[in-house]
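# Commentary on secondary and tertiary structure
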Amino acid sequence: MAKVSLIFYTYQLNTVGITSLSAYLKARGHQAQIIYMLSPYDRFLDIFPDSVYEQVMDACSDSDLIGLSVTSNYHLEAAKATKKIRKLGKPIVWGGVHPSLFPEGCIKEADIISRGESEEALLELMERVSRGEDYSDIKNLWVRTHDGNGNEAIKENPLRPLLKDLDSLPYPDNDFQSHLIVEEGALKRITPELMKKYMTSGNTWGGRIDYYVATSRGCPYRCAYCCNNGLQQLYGGISSRRKSAENVIREIEAVLKRHPFINYIFLSDEDLFAQPLDFIKQFAGLYKSRINLPFKIEFTPSAFNEDKFKLLVDAGAVECLIGVQTACDRTNRDMYQRHMKIEKVYEVLEVIRSYKDKVRSCFVHLIVCNEMEPASSTRETLDFVHRIDPFFNIRFFPLVHFPGTALYEMARKAGLIKEDTYLRYLAGAGLNQLEEIHRADYYTVCSMIIYFMKRSHSLRRFHNAFYRFFTNRLVVFIGRRRVFTRLLASSYLFMQRLTRLKAPVPTE
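Residues numbered from 1 in each chain as written. Predicted model: local features only at pLDDT ≥ 70, side-chain atom pairs only at ≥ 80, totals over all residues. Heavy atoms only, no water.

A separate point is the pairing of strand β17 (residues 392-398). Where burial is concerned, most of β17 is hidden: five out of the seven residues are buried. Where strand β16 (residues 361-368) and β17 come together, seven bridges link them in parallel fashion. Note on β17: the bridge partner recorded for Phe363 is Asn393. Remark: the β16/helix α14 (residues 375-387)/β17 crossover connection has right-handed handedness. (Buried < 20%, exposed > 50% of the residue type's maximum accessible area, 1.4 Å probe, protein only. Helix = DSSP H or I, 4+ residues; strand = E, 2+ residues; numbered from the N terminus. Pairing = 2+ DSSP bridges. Right-handed = clockwise from strand over helix to strand, strands pointing away.)

It is worth spelling out empty space enclosed by the protein at this point. For the structure on display, the rule yields five cavities of 30 Å³ or more. Of the voids in this model, the largest cavity is the one considered here, and its volume is about 60 Å³. The wall of the largest cavity is formed by Thr215, Ser216, Gly218, Cys219, Pro220, Ser240, Arg242, Asp269, Glu270, Asp271, Ala274 and Gln275. Split by residue class, the lining of the largest cavity holds three nonpolar, five polar and four charged. (1 Å grid on protein atoms, 1.4 Å probe; cavity = no way out; pocket = protein on both sides within 12 Å on 5 of 7 lines; lining within 4 Å. Points joined across faces, edges and corners; volume = space filled by probe spheres on them. Nonpolar A, V, L, I, M, F, W, Y, C, P; charged D, E, K, R; others polar.)

In this section: the pairing of strand β6 (residues 141-146). Remark: a regular strand shows side chains that alternate across the two faces of the sheet. Taken together, the three bridges between strand β5 (residues 112-114) and β6 define a ladder with antiparallel strand orientation. Bridging across to β6, Ser114 finds its partner in Leu141. Where β6 meets strand β7 (residues 152-156), five bridges bridge the pair, whose relative direction is antiparallel. When the sheet's bridge partners are listed, Trp142 is paired in β7 with Glu156. Adjacent in sequence and paired antiparallel, β6 and β7 are bridged by five residues, among which Gly150 carries a positive phi angle near 85 degrees.

A word on the sheet that holds β5. What holds strands together in a sheet is hydrogen bonding between their backbones, with the strands either parallel or antiparallel. If you walk across this open sheet you meet the nine strands as β7-β6-β5-β4-β3-β1-β2-β8-β9, and the pairing is mixed. Because the sheet does not close on itself, it has two edges, and the strands there are β7 and β9 (186-189). Taking each pair of neighbouring strands and ignoring which way they run, the sheet shows an average axis angle of 25 degrees. One ladder, built from five bridges, connects strand β1 (residues 3-10) with strand β3 (residues 65-69); its direction is parallel. (Axes fitted to C-alpha atoms, helices over the stretch in contact; angles between N-to-C directions.)

A complete count under the given rule lists 29 salt bridges for this structure. A salt bridge links Glu246 to Arg250, with the nearest nitrogen and oxygen atoms 2.8 Å apart. Of this pair, Glu246 and Arg250 both sit in helix α9 (residues 245-258), four residues apart, which is roughly one turn of that helix. On the accessibility criterion, Glu246 (22% relative accessible area) is partly exposed. (Salt bridge = Lys/Arg side-chain N within 4 Å of Asp/Glu carboxyl O.)

A few words on the nonpolar core. Ranked by internal contacts, the top residues of the largest apolar core, which has 92 residues, are Ile265, Ile297, Phe309, Ile352 and Phe384. What Ile352 contacts, discounting residues up to four positions off in sequence, is Phe299, Phe304, Phe309, Ile322, Cys362, Phe391 and Phe392. Within the second largest apolar cluster, 31 residues are counted, among which are Tyr9, Phe48, Ala110 and Ile113. (Core = buried A, V, L, I, M, F, W, Y, C linked by side-chain atoms within 4.5 Å. Contact = heavy atoms within 4.5 Å.)

Here we come to the sheet that holds strand β15 (residues 317-325). Taken together, six strands build an open sheet; the order of strands is β10-β13-β14-β15-β16-β17 and the sheet is parallel. In this open sheet, the two strands that pair with only one neighbour each are β10 (210-213) and β17. Going from strand to strand, the sheet's axes swing by 20 degrees on average, the running direction of each strand aside. Sheet topology note: the β10/strand β13 (residues 264-267) ladder contains four bridges and is parallel. Bridging from a neighbouring strand, Val213 pairs with Leu267 of β13. Docked against the sheet, α14 engages β15, β16 and β17, running at close to 165 degrees with respect to β16.

Before going further, it helps to examine the packing of α9 against helix α10 (residues 277-290). For the pair α9 and α10, the least separation of the axes is 9 Å and the interaxial angle reads 25 degrees. Judged on the interaxial angle alone, α10 and α9 are roughly parallel. Between α9 and α10 lies a crossing whose hand is right-handed. Across the interface between the two elements, Ala245, Glu246, Val248, Ile249, Arg250, Ile252 and Glu253 of α9 pack against Phe279, Gln282, Phe283, Leu286, Tyr287 and Arg290 of α10. (Parallel < 35°, antiparallel > 145°, perpendicular 65-115°, else oblique. Left-handed = near helix turned anticlockwise from the far one by under 90°.)

As structure tokens, this is what we get:
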């Protein structure tokens, strides 16, 4: 039996990947502890002082293997941590999306990287480490080795096939109290109180304690900005693999039995509507009769199906996340590799709006600050923001080009990315939102200002014709006086903070 410490940078306790790895290893007789490095939502570098990493090293001192789950933004922080933890003399492996898609950069920092799905690879690695055997030929791993002359070399092993039978996997390790969390400068054993504090996505109403569950793995789309684009290139195409409805329900029942204070479920599939209608029917019936908690779903308009939506709403779906990204068909098709028409989006939103007596909130995601997007495209998105009903809550996401994606390569070839400094840019991507907005063209700022005007209850009392007159003049004013863009961006951030502070708590 071997022990592994899995270090995970996060701002909350909800996760699927790292807990699945821990459960898989435990089910095969090994020990696993997860150390949640709790960081602010928008900080990715120089987060923790040396005193915290000393506590982490003490917690890892009896481990045979130390793993770090690394996303692109945390690359430099993970590299800093790895240098400190290497003093323990234990092999260090990096895993996750970032090492999978940017192996050349990550293997410079770690002894080993694991690419793609890592359950089987990590299990084999632990078994060989515990027996003192060579592990340089394990599939999925890149390993730093030395030849007979002491020269360093990288052994790049091929991928093993993806896991097919997801029902055969153990449920994610939700025994949080056997794990640790860094909070307020100290490494602590996780308590129910800390779970209640950090098991929340916290973006709609108070009192929610969330649990994330995935009914599938993989994504049927190849959106150019998304990690799934890179993973499909890695595997030569990925077909979604599904769990059975009964398996998903039993997982939720198990976590509710262990942690009865959980009162909200997030079905965290990339697109729940990619599931066939038969699955949705079975899942909705089982969920309503055996779970009966409110839940959240995520999907794209192109896969939306009203029959499926009605079943899910009847079962308890009260919140939606919809990936629209842009209202320009050409940008969607040619730049984002999303084959979706804006007419379809309007149709979907109209259907969802008809359920607003049951659906508490619906978030529409838009990508902004895309330097490669033409002004005509952002004008179309501005018109979209102008037209949709205030019931829909818009989230603006400044575009970040993540290594390994098609859009990253597009931006690199366009000269927008300087590879020697890009990791530092990623580490600061959440720190400088004002600068990101300032870099965008003025139509993006218009979208943000108009959105908050639409959401304002006082302004919504005005007649629609007057509203349109006022906002159209605002657009012209901003367009002629672009020197005010920075001021408007600052105003947007200020209003955003006020909105978060004064977010209403809906009644049952």
